[in-house]
Amino acid sequence: MMKHATLVFVSTLAFSVFSFAESLAQDGFFIQNQSKQKKVETEFLESVNYDRFKIHHQELTKNPHIAGTAENELVQQYMAKIMEEAGMEVKVYPYDVYLPNHPGESLLQITSPVQMTLSQQEKELDEDPFTRDSRLHLGFNAFSGSDDVTAEVVYVNYGTREDFQLLEQMGVDLTGKVAIARYGGNFRGFKAKYAEQYGAVGLIVYTDPKDNGFTRGEVYPDGPYYNETTIQRGSMLTLDWTGDPLTPYEPALPLDGAEQVQRLDPAEVALHQIPVTPIGYGAAKEILSRMTGQDAPEAWKGGLPIDYKIEGGPQLHVRVMVDQPIDFIRANNVIGTFEGAKYPDEWIILGSHYDAWSFGATDPNSGTAMLLTLAEALGELAKKGIRPDRSILIGHWDAEEQGVIGSTEWVEHFGEELSAKAVTYMNFDAGVSGRNFGASAAPTLKKLIIDASKEVMYPDSAKTVFEIWAGEKPEPGIGNLGGGSDHIAFYMHVGVPSLSGGSGGVTAYHSNYDNFNYYSKFVDPSFKMGGAVAQLFGLVTLRLANGDVIPYDVPRYAQDLKGHFDNVTEKVKSMAPDFNEFDLVKEALVKLDRSSSAYREALIKTLNSNPLNEDKLQAINQGLIGLEKSWIDPQGMYYGDWYKSLYVCNDPFSGYASWILPGIQYEVAIKRTSKLEEWDERYAAAILDLATKIEGLVEMM
């Protein structure tokens, strides 16, 4: 098998030995162990077999494999086989979760002024044999309500909170109407939530060509953009918690298992009641072009060659019929483990879901194929007797597409253990979806990603990933995690520092076209990005697994927090001009900055002299694992106490956006000033707790 040995460790070529040692010292290695770690990393980079990514990818995406189907079980079995062959101990964790995995019956029609049944599925293409698979479903939105309604139409733009508020200000009444919204601007479930709140009896969602379609370039199969029949599927689930809708805070253990959990009555859960269906922009044009009301605002106008109107008028009626079955399905999480040689109870966790709306070529199984490639490379090291000091776990989560369910149930199942043992969680949902590298991360993990990007060559170039990623800037930007994937429970519920990374680009997101044919033509024709992403995050994994002192960038807390509080303070002032600042937080940040500086100095001194015995070293690392828990507040957020992190949460009004300091962000969003003092106290207490923990680490060094 050909291995891409050209992608080797480049730091010794680009930097002096001193700067390399300094870099590793900052990343937690005693000076006498740095050369050993360098050899391990070189061995790993040479063990990543780029060709295996394509083999895994092709096998994983042979069949449509929505959660709860026999085809998804085949994917599960393949992943387990590959990880076992790599030398991992593999366990399957079953859960019985409540979700729809089939569209059931649905129909979309214009009933007047003409009678027309509109397409709800992608057209078959001669150029793409995958599109002729009889197992492909109609477009559907999981957790739609079931009903059959016929009514007038209102165009609601993206269907954001602000869009519905503007319609109300304009005097547009949605009561008894069918809303039509374009994808974008928020999580699709909030489009349904707001439509229902404002009185709509049904919702149609489509992707406008201005956002993804012919206005961007050639459409599929000639190009990568959505054609007129491409449909984005997706969940509509919007509850005050993430995961299985019937078991908040508890794992959805098997119904036939020895241990039972109390489940909510579905009738008492706030699931959507109105019928919802997604369509392509060709079908949407048939509705939108017949609307006769007032012109839509300029910002609401899309890319279709029509006059965008807000109301359809009394002559235009549309029928939306959805009869969607929701029941229990067996979801299986597959976890592989390389047990740590020194610290088996300290866990480095990587993961991606594996269930898909159709074939899942980009979302999610590009990430799955990358993780299997990474596992095999780690397995090659293990065969040579090179084991990680800490345990490395690779989790393949089920039932993510219906609401980030599989991973959440596992976190709820093992929450106390994860709180004590998990060093990090790294998420790779759709992790190799193009040629543009990027990442979002907790503050303590950002430097690790940037440093690793300097050691891996960018495919089909003579530059490192760092050089391509940073471009003309001295350092690339790393975002903050929002919602939408399997890091949520780890990071926002339990407090495990998390990241999401990989490569992105234009995809056939959640459509029946997200298949191997599309991927091989438009996502990564050379199939080399998977190997590069495996190399880069393999380095991050090995540095976290082998660092004598867990290589968190502890001072980054203080650095990032200052900017975040400056930002949120300005938002509060825009709402309450008399507001000055968060006084208690300001004082606490001074202490955090002081303790962070002391930690940096003590760490460098310690790593260069190694005065620590094993007991003290383990105590320091346990203390480091506990740092992120300073943000976990039992009271949680006012918009949902399942969300425990005071530091980060997904925006509860849009679903995807990252809210840093979410407690205060929520007060700004609802324009409430009465609780600002409370939040000053709660945030100051968390920051002081963090600073005190860091001071304790300094005292042990």
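My aim in this report is to walk through the structure given alongside it, one point at a time. (Residues numbered from 1 in each chain as written. Predicted model: local features only at pLDDT ≥ 70, side-chain atom pairs only at ≥ 80, totals over all residues. Heavy atoms only, no water.)

Quick word on the environment of K591
Turning to step 1, where the next piece is worked out: Summarising the element assignment, K591 is placed in helix α18 (residues 583–609).
Turning to step 2, where the next piece is worked out: On the accessibility criterion, K591 (22% relative accessible area) is partly exposed.
Turning to step 3, where the next piece is worked out: The spatial distance from the C-alpha of K591 to the C-alpha of A508 is 49 Å, given a sequence separation of 83 residues.
Turning to step 4, where the next piece is worked out: If sequence neighbours within four positions are ignored, K591 has contacts with L688, A691, T692 and E695. (Helix = DSSP H or I, 4+ residues; strand = E, 2+ residues; numbered from the N terminus. Buried < 20%, exposed > 50% of the residue type's maximum accessible area, 1.4 Å probe, protein only. Contact = heavy atoms within 4.5 Å.)

Points about helix α3 (residues 34–47)
Turning to step 1, where the next piece is worked out: In this model α3 runs 20 Å from its N-terminal to its C-terminal C-alpha over 14 residues, within 8% of the 20 Å that 1.5 Å per residue would give.
Turning to step 2, where the next piece is worked out: Of all the positions in α3, only Q34, Q37, V40, E41, F44, L45 and S47 are classed as buried. The buried side chains of α3 occupy one side of the element, clustering within an arc of 160° when seen end-on. Seen from the open side of α3, the exposed residues pointing more than 90 degrees away from its buried face are K36 and K39. (Expected span 1.5 Å × (residues − 1). Arc of directions from axis to C-beta.)

Brief notes about a negative patch on the surface
Turning to step 1, where the next piece is worked out: On the surface, E124, D126, E127, E218 and D222 cluster together into a patch of negative charge.
Turning to step 2, where the next piece is worked out: Within the secondary structure layout, D126 lies in the loop between β3 (116–117) and β4 (141–142).
Turning to step 3, where the next piece is worked out: You can call D126 exposed: its relative accessible area is 75%. (Patch = residues over 30% accessible without salt bridge, like charges linked within 9 Å, V, L, I, M, F, W, Y side chains within 5 Å. Areas by Shrake-Rupley, 256 points an atom, 1.4 Å probe, with all protein chains shown as cover. Salt bridge = Lys/Arg side-chain N within 4 Å of Asp/Glu carboxyl O. Lys, Arg positive; Asp, Glu negative; His and termini not counted. Charge placed at Lys NZ, Arg CZ, Asp CG, Glu CD.)

Examining the environment of N227
Turning to step 1, where the next piece is worked out: Among the secondary structure elements, N227 is positioned in the loop between β8 (202–206) and β9 (234–235).
Turning to step 2, where the next piece is worked out: Note on N227: relative accessible area 3%, which makes it buried.
Turning to step 3, where the next piece is worked out: C-alpha of N227 to C-alpha of N212: the two residues are 15 residues apart in sequence and 8.6 Å apart in space.
Turning to step 4, where the next piece is worked out: Apart from the residues lying within four places of it in its own chain, the contact partners of N227 are K123, V219, Y220, Y281 and Y513.
Turning to step 5, where the next piece is worked out: Within the structure, the side chain of N227 is placed 3.0 Å from the backbone oxygen of Y220, a separation counted as a polar contact. (Polar contact = N/O pair within 3.5 Å; in protein donor to acceptor, adjacent residues only side chain to side chain.)

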